[in-house]
Amino acid sequence: MKKLTPGRLVIASHNEGKVREIRALLAPFGMEPVSAKSLDLPEPEETGTTFVANAMLKAQSAADLSGLPALADDSGLVVEALNGEPGVYTANWAETAAADGTITRDWMLAMQKVEDRLQALGPDVSRSAHFTCTLALVWPDGSDLFCEGRVEGTLVWPPRGDKGFGYDPVFVPLGHTETFGEMDPDAKHAISHRADAFAKLVAAAF
Ligand code: IMP
């Protein structure tokens, strides 16, 4: 298995929340993370239908264009009562089109959509959900590896807390009372789907 050596590594994401979390997770390993955005790398279209396919596609594109190893994250919220939706389309549920056709992401709208769909199933519906994270690491020579992590939890309404990103304000991890949006980042990093996938990546790549 190919190993990562200290030096520059592209974080193949344009999502500031993910970049912030991956930077913090990489901090102890002597890597010099640079974001795809700071290198002006284009954001490839996520045409895959699985988390693995999309993570690989993003990491591959960044490694090819930068000549550096690249780490990508494809993640999402999987809601049991919604047959796994929004799943691989988690980010799409936040998309709104402005009058000029520009697409922006509105996370409040996305959380409301999930809540509306759950409420439509009646008061006894299961509110169980998990976040899943697939990390893909691709080297410029084509070597690769991927790892998956998850965290189980419950969806609450209304949203609480502004410390995280995306769907954090409605997700209470199992065994806790605060949402990811209310937790300090270090507390989230200790138990999140991203941290779980990262621990596996560290075991394999360092
Ligand atoms: P993608 O991986 O770029 O397709 O986007 C996945 C989406 O899942 C993100 O844009 C977030 O909305 C959501 N998501 C992934 N990880 C987290 C997390 O740690 N907290 C909250 N939302 C997340």
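Residues numbered from 1 in each chain as written. Predicted model: local features only at pLDDT ≥ 70, side-chain atom pairs only at ≥ 80, totals over all residues. Heavy atoms only, no water.

Caption draft 1: Structural context of the state of the cysteines. Across all of its chains, the model carries zero disulfides by this definition. There is no disulfide at Cys147, and the cysteine sulfur nearest it, in Cys133, is 9.3 Å away. (Disulfide = S-S within 2.5 Å.)

Caption draft 2: Looking closely at the packing of aromatic side chains. Within the structure shown, the criterion is met by six aromatic pairs. The interplanar angle of 50 degrees and the centroid separation of 4.6 Å between the aromatic rings of Phe131 and Phe171 together place this pair among those described as tilted. Pair noted here: Phe131 is in strand β6 (residues 128-138) and Phe171 is in strand β8 (residues 171-173), with a separation of 40 residues, a long-range link. The burial state of Phe131 is the same as that of Phe171; both residues are buried. An aromatic cluster of at least three residues, connected via ring pairs, comprises Phe29, Phe198 and Phe206. (Phe/Tyr/Trp six-rings, centres within 6.5 Å; stacked < 30°, edge-to-face > 60°. Helix = DSSP H or I, 4+ residues; strand = E, 2+ residues; numbered from the N terminus. Buried < 20%, exposed > 50% of the residue type's maximum accessible area, 1.4 Å probe, protein only.)

Caption draft 3: Representation of the site of the ligand. The ligand sits among 19 residues. The nearest are Lys18, Ser75, Asp168, Lys188 and Arg194. Within the side chain of Lys18, an N or O atom sits 2.6 Å from an oxygen atom of the ligand. Here a nitrogen atom of the ligand and a side-chain polar atom of Asp168 are 2.6 Å apart. When isolated, the ligand has an accessible area of 490 Å², and the protein chains bury 97% of it. Only β3 (70-79) and α5 (193-205) provide two or more residues apiece to the shell around the ligand. With four residues, β3 is the largest single contributor of residues to the shell around the ligand. Residue composition of the shell around the ligand, by class: five nonpolar, six polar and eight charged. (Near = heavy atom within 4 Å. Polar contact = N/O pair within 3.5 Å; in protein donor to acceptor, adjacent residues only side chain to side chain. Areas by Shrake-Rupley, 256 points an atom, 1.4 Å probe, with all protein chains shown as cover. Nonpolar A, V, L, I, M, F, W, Y, C, P; charged D, E, K, R; others polar.)

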